[in-house]
Amino acid sequence: MTDLAIRVRGLVKRFEEVVAVDGIDLDVERGICFGLLGPNGAGKTTTVEVLEGLQRPDAGEVELLGLSWNGRAAELRGRVGIQLQETELYDRLSALETVTLFRSFYRRRLDASDALAQVDLLDKKDAWVGKLSGGQKQRLAIACALVADPELFFLDEPTTGLDPAARRSLWEIIRAMKSRGRTIVLTTHYMEEAEKLCDRVAILRKGKVIALGSPRELIATLGAGGSVEIIEVESEPALPAELFAAIDGVVACLPDGSGFRLSVKEIHATLPRVIDALRQRGARPSRLHTRTATLDDVFIELTGTSIGEEEAAEAKAKAAAAPARGWKRRQKSDGAAS
């Protein structure tokens with residue numbers, strides 16, 4: 001038996017002219033929580049769908065639990081659990097009836113009530129699916145996969161759209177799943193979530209892995225212990241980024257709206273120097289925030305932008321391209337009609 005739950009080499013997936021996954025290599029050890037991180041459009045979901053056997057790769061090798069989807073699909077489906085980004089369940093079945101239905105699909109299986117208990121939904125076993133909250137529906141979707149007692153579990157952005165309390169409830173469920181020896185692959189664009197849950201992470205951008213390691217290892221590569229956020233600076237003339245980049249202890253400076261985000265080595269030593277630089281220029285920030293370094297800082301260091309900013313730019317580009325795509329489709333339709 002291999003020590004790897006997942007082995008990927010040279011994975012490529014295209015959709016017409018778009019290369020969604022561009023030559024990814026991954027090794028995921030058994031019994032860990034492995035995170036696939038990155039902004040929307042980075043290739044996380046496509047990568048996971050190929051690993052789950054839902055998409056065929058255009059190139060590369062994929063092995064799960066030492067097996068390939070080619071010729072071993074039936075065996076793998078009985079050993080892999082999947083929670084999709086969106087799961088549509090029948091509103092007029094109870095939670096227990098829903099899990100019991102999914103249980104019937106597998107040879108190896110848990111008791112339906114046990115699966116509900118593992119996601120803290122046993123008290124809702126008789127409630128209709130349509131009456132459950134968003135967080136409860138997410139937990140029910142996990143229970144539907146847990147009932148197969150899988151060795152390897154895929155969770156595709158399970159906490160997106162949930163309130164903070166529901167998100168943390170799911171975090172505890174994921175920790176409990178890992179404590180039972182399951183291997184978990186988690187996709188998320190919440191960096192805090194990855195830091196809290198994942199033993200190792202791969203940061204994706206535009207279909208490529210740009211960083212790989214434990215959260216602590218990746219944060220250590222920054223050479224910075226934290227960040228200082230200077231918010232809404234009032235200054236005439238406007239302050240140049242070079243002012244802060246030249247301060248002893250500042251590792252990097254990124255303009256952020258009408259302020260700046262500084263990566264610094266030692267917050268307690270560098271912050272007084274930043275305040276002195278602002279005072280000498282007669283500049284008044286509305287607020288100063290300090291925090292320890294995070295995976296978001298790693299992404300900024302690697303790309304020059306934050307995940308949120310990249311997602312906003314991607315959404316803007318897609319919106320601008322949509323009318324052009326519609327025009328092309330109309331042209332093709334008109335040509336076919338003629």
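Look up a bit, the structure's there.
Predicted model only: the values in this text are computed from it and were never measured.

What counts and how
- Residues numbered from 1 in each chain as written.
- Predicted model: local features only at pLDDT ≥ 70, side-chain atom pairs only at ≥ 80, totals over all residues.
- Heavy atoms only, no water.
- Helix = DSSP H or I, 4+ residues; strand = E, 2+ residues; numbered from the N terminus.
- Buried < 20%, exposed > 50% of the residue type's maximum accessible area, 1.4 Å probe, protein only.
- Contact = heavy atoms within 4.5 Å.
- Core = buried A, V, L, I, M, F, W, Y, C linked by side-chain atoms within 4.5 Å.
- Polar contact = N/O pair within 3.5 Å; in protein donor to acceptor, adjacent residues only side chain to side chain.
- Pairing = 2+ DSSP bridges.

*Asks:* Is there a simple way to think about the overall build of the protein in this case?
*Replies:* Along the protein, the regular secondary structure elements total 12 helices and 13 strands. If you line up the protein on its principal axes, its C-alpha atoms span 70 × 60 × 45 Å. Burial statistics for the protein: of 338 residues in total, 45% are counted as buried. Partitioning the contacts of the protein with sequence separation of at least 6, the portion at a separation of at least 24 is 67%.

*Asks:* Which parts of the structure should I look at to understand unusual backbone geometry?
*Replies:* Excluding glycine, most residues fall at negative phi; most peptide bonds, likewise, are trans. With phi around 60 degrees, D120 is a residue other than glycine that occupies positive phi space. Note on placement: D120 falls in the loop between α4 (112–118) and α5 (134–146). With a relative accessible area of 53%, D120 lands in the exposed category. Although it is not a glycine, E232 sits at a positive phi angle of roughly 50 degrees. Looking at the secondary structure, you find E232 in strand β10 (residues 226–234). A residue is classified by how much of its surface remains accessible, and E232, at 46% relative accessible area, is partly exposed.

*Asks:* Teacher, can you tell me more about the nonpolar core here?
*Replies:* Core analysis: the largest hydrophobic core is formed by 46 residues, its most contacted members being V99, L140, I142, F153 and L295. Membership of the second largest hydrophobic core comes to 29 residues, among which are L11, L64, A73 and V80.

*Asks:* Can you help me understand helix α11 (residues 295–303) in this one?
*Replies:* Residues separated by three or four positions in an α-helix point in the same direction, a consequence of the helix having 3.6 residues per turn. The buried fraction of α11 amounts to seven of the nine residues, a majority that puts the element mostly inside the structure. Of the positions making up α11, those classed as buried are L295, D296, D297, V298, F299, I300 and T303. Between the side-chain oxygen at the start of α11 and the backbone nitrogen of D296 there is a gap of 3.2 Å, and the oxygen is on T294. Following α11 by one or two positions, G304 has its phi on the positive side, about 80 degrees.

*Asks:* Quick question: what am I supposed to make of the pairing of β10 here?
*Replies:* Within β10, seven of the nine residues are buried, leaving the element largely enclosed by the surrounding structure. As paired strands, β10 and strand β12 (residues 259–264) are joined by five bridges and run antiparallel to one another. Of the residues in β12, the one forming a bridge with E229 is R261. Relative to strand β13 (residues 284–292), β10 runs antiparallel, the two being bridged by eight bridges. When the sheet's bridge partners are listed, V233 is paired in β13 with P285.

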